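Residue-level structural notes
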Amino acid sequence: MLVARRVVCALSGGVDSAVAALLLKRRGYQVTGVFMKNWDLLDEHGICTADRDCEDAYRVCQILDIPFHHVSYVKEYWNDVFSDFLNEYEKGRTPNPDIICNKHIKFRCFYHYAMDNLGADAVATGHYARTSLEDEEVFEQKHIKRPQGLFRNRFEVRNTVKLLQAADSFKDQTFFLSQVSQDALRRTIFPLGGLTKSFVKKIAAENKLHHVLQKKESMGICFVGKRNFEHFILQYLQPRPGKFVSIEDNKVLGTHKGWFLYTLGQRAKISGMREPWFVVDKDSANGDVLVAPRTDHPALYRDLLRTGRVHWIAEEPPAALVRDKMMECHFRFRHQMALVPCVLTLNQDGTVWVTAVMAVRALAPGQFAVFYKGDECLGSGKILRLGPSAYTLQRGQSRAGAVPKGPEASEGCTPHPDR
């Protein structure tokens, strides 16, 4: 007699993970639901939303008649996700805590808990994504407890598992999974990968999961909730007053409480100004926030960036990139934005230069550039450096046309990818 495969499914208290658990049970697996408590502070109404979500996840398990477990990763979340979030903002960057949470909490802490404590054959989540493995292939993968901090055996033969976009392109969440390890991915099932959101809701309605179906979908940063972001962040970071300065004439337009409160591309709230102004750059030396008068101002557009060391889903850069040191692909730096064609240039330290075929609006350091080839998500790298804006290049060209050509390099020249 065949023993049922044990699958541990992460439950958030929402409709997606609930339906994922239901579908796994329908496939005949021995399913266990696990709720992760990652944040234990009160929301803007004085309520701990994690407790409410936990109750909803428990009810899902009751309805599906599957075991329920509750684990707390509050300490790990604070150390690996929230502290990183604050450090990035303090540096003037724009972090993405959802990508970091998946990397460290869901696909490291939860993954190891499911494998080592619950004896799982595989883990599952409600993400809209797919991999290149069928369920049975997932179960055939071996879970190896590896000493942390050591490189994998270079002579170990492994067919790498690909991370693929979901059938529902609008809901696709591979962007948020772009830092997940190969080890975790090869033991993960995504039951919703081939479904649309509307069909998932239909399944929930037909299977008495109305309590999660009625919940509003969570958007934005989970621990901020509906609170005013400025009020929230100033609870943790000291105000660092500075000035709003026009990039066109260096005129001071107003003051702010800290450059970390603003990200490139967002509208700047400048007291007394009727017309909208938008953040185009930040001066780390004096804390000034540079602004421009239009949402399509050329100072908002750039076509070059450099990442930190790239996390490749396959653990190694694509063969074509290693061979040629350059490769055409697509990238995005915000979830659900249209993919942008680009050329990657590989550096010796594992970082890449990304040259977009067209200038894109509001690139910001701290965000992740996530790379795609066809429907495959290749991985991602944190944006650490930006090339000159279209406005800087235009000013450089106008100055060059106004003076005799000489050996001097113009201000704001494009960094060479080989540097």
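Residues numbered from 1 in each chain as written. Predicted model: local features only at pLDDT ≥ 70, side-chain atom pairs only at ≥ 80, totals over all residues. Heavy atoms only, no water.

**Examining the overall build of the protein chain**
Along the backbone of the protein chain there are 11 helices and 19 strands. In the protein chain, buried positions account for 51% of the 419 residues. Counting only contacts in the protein chain whose residues sit at least 6 apart along the sequence, the fraction spanning at least 24 positions is 69%. Just so you have it, the protein chain exposes about 21400 Å², and 51% of that area is on carbon and sulfur atoms. (Helix = DSSP H or I, 4+ residues; strand = E, 2+ residues; numbered from the N terminus. Buried < 20%, exposed > 50% of the residue type's maximum accessible area, 1.4 Å probe, protein only. Contact = heavy atoms within 4.5 Å. Areas by Shrake-Rupley, 256 points an atom, 1.4 Å probe, with all protein chains shown as cover.)

**With respect to the pattern of salt bridges**
Summed over the entire model, instances satisfying the criterion amount to 15 salt bridges. The salt bridge partner of Glu88 is Arg93, with a shortest N-O separation of 3.0 Å. Through salt bridges that share partners, Glu88, Arg93 and Lys382 make up one connected network. (Salt bridge = Lys/Arg side-chain N within 4 Å of Asp/Glu carboxyl O.)

**Regarding the sheet that holds strand S2 (residues 30-37)**
In any sheet, the strands associate via hydrogen bonds between backbone groups, in a parallel or an antiparallel arrangement. Reading across from one edge, S3-S2-S1-S4-S7 is the order of the five strands in this open sheet, with parallel pairing throughout. Each of the sheet's edge strands pairs with one partner strand only, and the pair in question is strand S3 (68-72) and strand S7 (188-189). Examined bridge by bridge, strand S1 (residues 6-11) and strand S4 (residues 122-124) share three bridges and lie parallel to one another. Note that in S4 the partner of Val7 across the bridge is Ala122. Of the strands in this sheet, S1, S2 and S3 are in contact with helix H2 (residues 49-64), which crosses S2 at around 175°. (Pairing = 2+ DSSP bridges. Axes fitted to C-alpha atoms, helices over the stretch in contact; angles between N-to-C directions.)

**Brief notes about unusual backbone geometry**
In the Ramachandran plot, Asp65 falls in the positive-phi region, its phi being about 60° despite a non-glycine side chain. Looking at the element boundaries, Asp65 is found in the loop between H2 and S3. Take Asp65: its relative accessible area is 62%, and that puts it in the exposed class. You will see that Glu315, though not glycine, has its phi angle at about 80°, which is positive. Structurally, Glu315 can be placed in the loop between strand S14 (311-312) and helix H10 (319-324).

**A short note on helix H3 (residues 74-90)**
Where H3 bends most, the angle comes to about 30°, and this point is Phe82. By the burial criterion, the buried members of H3 are Val74, Tyr77, Val81, Phe82, Phe85, Leu86, Glu88 and Tyr89. Against the buried residues of H3 lie S2, S3, helix H4 (97-117), helix H9 (229-233) and strand S19 (376-386). In the stretch just after H3, Gly92 is the one whose phi turns positive, near 85°. (Bend = angle between axes of the 7 residues up to and from the residue.)

**With respect to the side chain of Asp56**
Tracing the chain through its elements places Asp56 in helix H2. Given the relative accessible area of 12%, Asp56 is considered buried. Residues in contact with Asp56, not counting those within four places in the same chain, are Gly13, His211, Val212 and Lys215.

**Observations regarding the packing of H3 against H4**
When two helices pack together, you describe them by how their axes are tilted relative to each other and by the distance separating the axes. Look at H3 against H4: their axes get within 9 Å of each other, and the N-to-C directions meet at 165°. Comparing their axes, H4 and H3 come out roughly antiparallel. Relative to H4, H3 is oriented so that their crossing is right-handed. Between H3, through Glu76, Tyr77, Asp80, Val81, Asp84 and Phe85, and H4, the contact on the second element is made entirely by Pro97, Ile100, Cys101, His104, Ile105, Arg108 and Cys109. Across the contact of H3 with H4, the residue classes break down as eight nonpolar, one polar and four charged. (Parallel < 35°, antiparallel > 145°, perpendicular 65-115°, else oblique. Left-handed = near helix turned anticlockwise from the far one by under 90°. Nonpolar A, V, L, I, M, F, W, Y, C, P; charged D, E, K, R; others polar.)

**Examining the pairing of strand S9 (residues 252-256)**
The sheet contact formed by strand S8 (residues 242-246) and S9 spans four bridges and is antiparallel. Its bridge partner lying in S9, Lys243 is registered against Thr255. Connecting the antiparallel pair S8 and S9 is a turn made up of five residues, with Asn250 showing a positive phi of about 60°.

**Considering helix H1 (residues 15-26)**
Taking 1.5 Å per residue, 12 residues should reach 16 Å; H1 reaches 16 Å between its end C-alpha atoms and fits that length. Within H1, the full set of buried residues consists of Val15, Asp16, Ser17, Ala18, Val19, Ala20, Ala21, Leu22, Leu23 and Leu24. Downstream of H1 by a residue or two, Gly28 has a phi angle that is positive, lying close to 90°. (Expected span 1.5 Å × (residues − 1).)

**Quick look at the state of the cysteines**
Applying the stated criterion across every chain yields a total of zero disulfides. For the unlinked cysteine Cys54, the closest cysteine sulfur is that of Cys61, found at 9.4 Å. Between Cys342, a free cysteine, and Cys329, which holds the nearest cysteine sulfur, the sulfur-to-sulfur gap is 3.7 Å. The exposure class assigned to Cys342 is buried, which follows from its relative accessible area of 2%. (Disulfide = S-S within 2.5 Å.)

**Focus on the packing of aromatic side chains**
Each aromatic ring pair is summarised here by two numbers: the centre-to-centre distance and the angle between the ring planes. Within this structure, the stated rule accounts for 18 aromatic pairs. Taking 6.2 Å as the distance between ring centres and 70° as the angle between the ring planes, the aromatic pair formed by Phe82 and Phe232 counts as edge-to-face. Highlighted residues: Phe82 in helix H3 and Phe232 in helix H9, separated in sequence by 150 residues. Comparing Phe82 with Phe232, the two get one shared label, buried. (Phe/Tyr/Trp six-rings, centres within 6.5 Å; stacked < 30°, edge-to-face > 60°.)

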